[in-house]
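Single-letter residue listing:
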Amino acid sequence: MLMPLRFRGRATPTDRPLVMAIVNRTPDSFYDRGATFAAEDAMEAVRSAVDEGADIVDIGGVKAAPGGEVSVAEETDRVVPFIAAVRERFPDLVISVDTWRHEVGRWACEAGADLLNDTWAGADPVLAEVAAEFEAGYVCSHTGGITPRTRPFRVRFPDLVNSVVEETTRRAEHAVALGVPRESVLIDPTHDFGKNTRHSLELVRHTEELVATGWPVLMALSNKDFVGETLGTSLEDRVTGTLAATAVAANAGAAVFRAHQVRETRQVVDMVASIRGDRPPSGCVRGLS
Amino acid sequence: MLVAAGVFPHPPVLVPRMAGDRAFELDGLRAACAEGVTRLLDSDPDVVVVVGGGEDTVSYPTPVAGTLAPYGLDLTVGQGAEVLPLSLTIARWLLDVHAPAHAPLFESVSASAPVDDCLELGRRLAQRHRRVALMVMGDGSACRDVKAPGFLDPEAVPHDDDIARALATGDEEVLAAVDPRTSERLLVSGRAAWQVLAGAASGRSVEAELLDYQAPYGVGYFVASWRCGPSERK
């Protein structure tokens, strides 16, 4: 069984890993390429994600890769009113905001967000304080200290797993010290951020060591470049590789999977949870009647 | 004194095992490197000195090794302590492939070394023996296009074009004039090593050829071959 998590009072299941659906209010994110930039398309994506079994939606307003500057005001316009609308329609859904800026984080929490997904690993140190102020959840990432929206360039790690464990658990303890509830803190090895493909593969391979820290592990693997480079496939053909990595990490005890393909990811984590013995089969009559 | 120099790139992906199925994308660059190493050793040097950027300026004792393990590939080149920086590790790999019998001297130069220090180091290295061949490891900007590691900086391609021209014509004065702060901003890893070359070649006549200049991943790669002769009084 997985440890119980709670985000601003919203409890999540413990018999299987959670699925965090990606909903980008961006015109240029790498996978959806603006498909949910418009508010109505984004709301439809949230509805569909919930129908397909998402536990959390992760709403972002700035793509991770380098590109046109998005001001705080622009990012706020993209995500904050939308979070308020999602909160109203889905009162029980855990809402995460994907941002590194504390201003956006604060307004998102005021609008109803439960979790701050700080993918750029404390680039703005005030963001964790905002999580504490609202008793919201907080994701502790590992980037090796690179600047937001930059790419890795010949990054080297004498001991990658140790670097990830050290940086993420230090952030987690810091967040708790600031006042973030312990059951609302996740650690994320942050695949591809400041890492090459072999690094990202190594972090899937060593999921157990991340799990052994005792902090719930968020895995954001979905359709990333490391999957594409590993299989030699283009952006459109990374789902199978993503799901394979998801299964491996789920079997090793990862707690949350950030995903574009919610239905498929939910099936994988449910299946793995049942293989592990954490989750009973949905129905089971063969040979039993 | 300097009798020859070769300029080479040093991305980890130059090693085919690192790149896997995509290794073929740099086949042309590797062929140019092979040609560059051959020409460098054809100069009949007493010693080959390898210089490349690193965190610090260090003369490595030999034997010495480098490893690509921190980049995710379990591959060690050379013998002894695995202390060579990336630039010199790739040089060791190139020599292992094309001239395994050679035991060069390895010199790193700090990426933040002032220009004058680089020039002086070059002059000193050139005086080590009667006939010195210098293997210079350095890459251009990593900010050449929107897919580049450092994204697009409009100054990156003109900067690399200037370097390519200087390497093609043996113009050490252009190399000596590269501004360290600009290099740092443009994620240029070759600046200090090129300036060591400029110091080593200073006052020598140079017969130069640019064997390759490409940037398939948004980072400038150069292969150049210099043959150096008696000084021309200017």
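None of these values were measured; they are calculated from a predicted model.

J.: Whenever I open this one, the sheet that holds strand S7 (residues 132–137) of chain B confuses me. Can you help?
T.: Sheet strands associate in pairs through backbone hydrogen bonding, adopting either a parallel or an antiparallel arrangement. Residue and element names in this part refer to chain B. Strands sit in the order S3-S6-S2-S7-S1-S9-S8 across an open sheet of seven strands; the sheet is mixed. Bordering the open sheet on either side are strand S3 (58–60) and strand S8 (205–214), each of which pairs with just one other strand. Across the sheet, the mean angle from the axis of one strand to that of its neighbour is 15°, orientation sign disregarded. Its contacts with the sheet place helix H2 (residues 27–42) against strand S1 (2–8), strand S2 (47–54), S7, S8 and strand S9 (221–229), and it is angled at close to 160° to S8.

J.: Please explain the UniProt feature "domain: Pterin-binding" (unreviewed entry) in chain A as it appears in this structure.
T.: According to UniProt, the positions carrying the feature "domain: Pterin-binding" (unreviewed entry) are residues 17–270 of chain A. Helix makes up 44% of residues 17–270 of chain A and strand 15%, and the two end C-alpha atoms of the span are 8 Å apart.

J.: Hey, could you run me through the state of the cysteines in this one?
T.: Disulfide: a covalent bond formed between the sulfur atoms of two cysteine residues. Residues and elements named next belong to chain B. Applying the stated criterion across every chain yields a total of zero disulfides over all chains. With no disulfide partner, Cys33 has as its closest neighbouring cysteine sulfur the one in Cys228, 19 Å distant. A residue is classified by how much of its surface remains accessible, and Cys33, at 0% relative accessible area, is buried. Here Cys118 is not cross-linked by a disulfide; its sulfur's nearest cysteine counterpart is in Cys228, at 18 Å.

J.: So what exactly am I meant to see when it comes to helix H3 (residues 102–111) of chain A here?
T.: Each turn of an α-helix holds 3.6 residues, which means side chains three or four residues apart point in the same direction. Residue and element names in this part refer to chain A. Regarding H3, the residues found buried are His102, Val104, Gly105, Ala108, Cys109 and Ala111. Those residues of H3 hidden inside the fold are in contact with helix H2 (72–89), strand S5 (94–98), strand S6 (115–118) and helix H4 (126–134). A positive backbone phi angle near 120° is found at Gly112, which sits one or two residues after H3.

J.: For this particular structure, what's the right way to read the packing of aromatic side chains?
T.: The description of an aromatic ring pair uses the distance of the two centres, along with the angle that the planes make with each other. Within the structure shown, the criterion is met by four aromatic pairs over all chains. Seen from their ring centres, Trp120 of chain A and Phe193 of chain A are 4.7 Å apart, and the 50° between their planes marks the pair as tilted. Placement of Trp120 of chain A in the loop between S6 and H4 and of Phe193 of chain A in the loop between strand S8 (185–188) and helix H6 (197–205) is noted, with a sequence separation of 73 residues between them. Given a relative accessible area of 12%, Phe193 of chain A falls into the buried group. Arranged with centres 5.0 Å apart and planes meeting at 15°, the rings of Tyr213 of chain B and Phe222 of chain B form a pair that is stacked. Residue Phe222 of chain B is classed as buried on the basis of its relative accessible area, which comes to 0%. Taking the ring centre of Phe82 of chain A as reference, the NZ or CZ of Arg25 of chain A above it sits at 5.5 Å.

J.: Explain H2 of chain B here, please?
T.: Residue and element names in this part refer to chain B. Between its first and last C-alpha atoms H2 spans 23 Å; for 16 residues at 1.5 Å apiece the expected length is 22 Å, and the two agree. All buried positions along H2 are accounted for by Leu29, Arg30, Ala32, Cys33, Gly36, Val37, Leu40 and Leu41. Here the buried residues of H2 occupy an arc of 165° about the axis, which is enough to place them on one side.

Cut-off values and rules
The residue count restarts for each chain, going from 1 along the sequence in the order it is written. The order in which chains are written sets their letters, starting at A; the order in which ligands are written sets their numbers, starting at 1. The model is predicted, so local features are restricted to residues of pLDDT at least 70 and side-chain atom pairs to those at 80 or more, both for listing and for counting; the totals for chains, interfaces and linings are taken over all residues. With hydrogens and water stripped out, all remaining heavy atoms of the structure feed into the side-chain values. A pair of strands is labelled paired if DSSP reports no fewer than 2 bridges between them. A run of H or I in DSSP counts as a helix once it spans at least four residues, and a run of E counts as a strand once it spans at least two, with each numbered from the N terminus. The convention used is that axes are lines fitted to C-alpha atoms, helices contributing only their stretch in contact, and that angles between N-to-C directions extend from 0 to 180 degrees. Note on contacts: a residue pair qualifies if any of its non-hydrogen atoms lie within 4.5 Å across the two residues. UniProt positions are given in the numbering used here, feature names are shortened, and annotations may be inferred rather than shown by experiment. Any two cysteine sulfur atoms within 2.5 Å of one another count as a disulfide. Relative accessible area decides the class of each residue, using a 1.4 Å probe on protein chains only: under 20% of the type maximum gives buried, over 50% gives exposed, and in between gives partly exposed. Between the rings of Phe, Tyr and Trp (Trp by its six-membered ring), a pair exists once the centres lie within 6.5 Å; its type follows the angle of the planes, with under 30 degrees stacked, over 60 edge-to-face, and the other angles tilted. Lysine NZ or arginine CZ positioned within 6 Å of the ring centre and within 35 degrees of the ring normal marks a charge as sitting over the ring. A helix is expected to span 1.5 Å multiplied by its residue count minus one. Arc definition: directions from the helix axis to the C-beta atoms.

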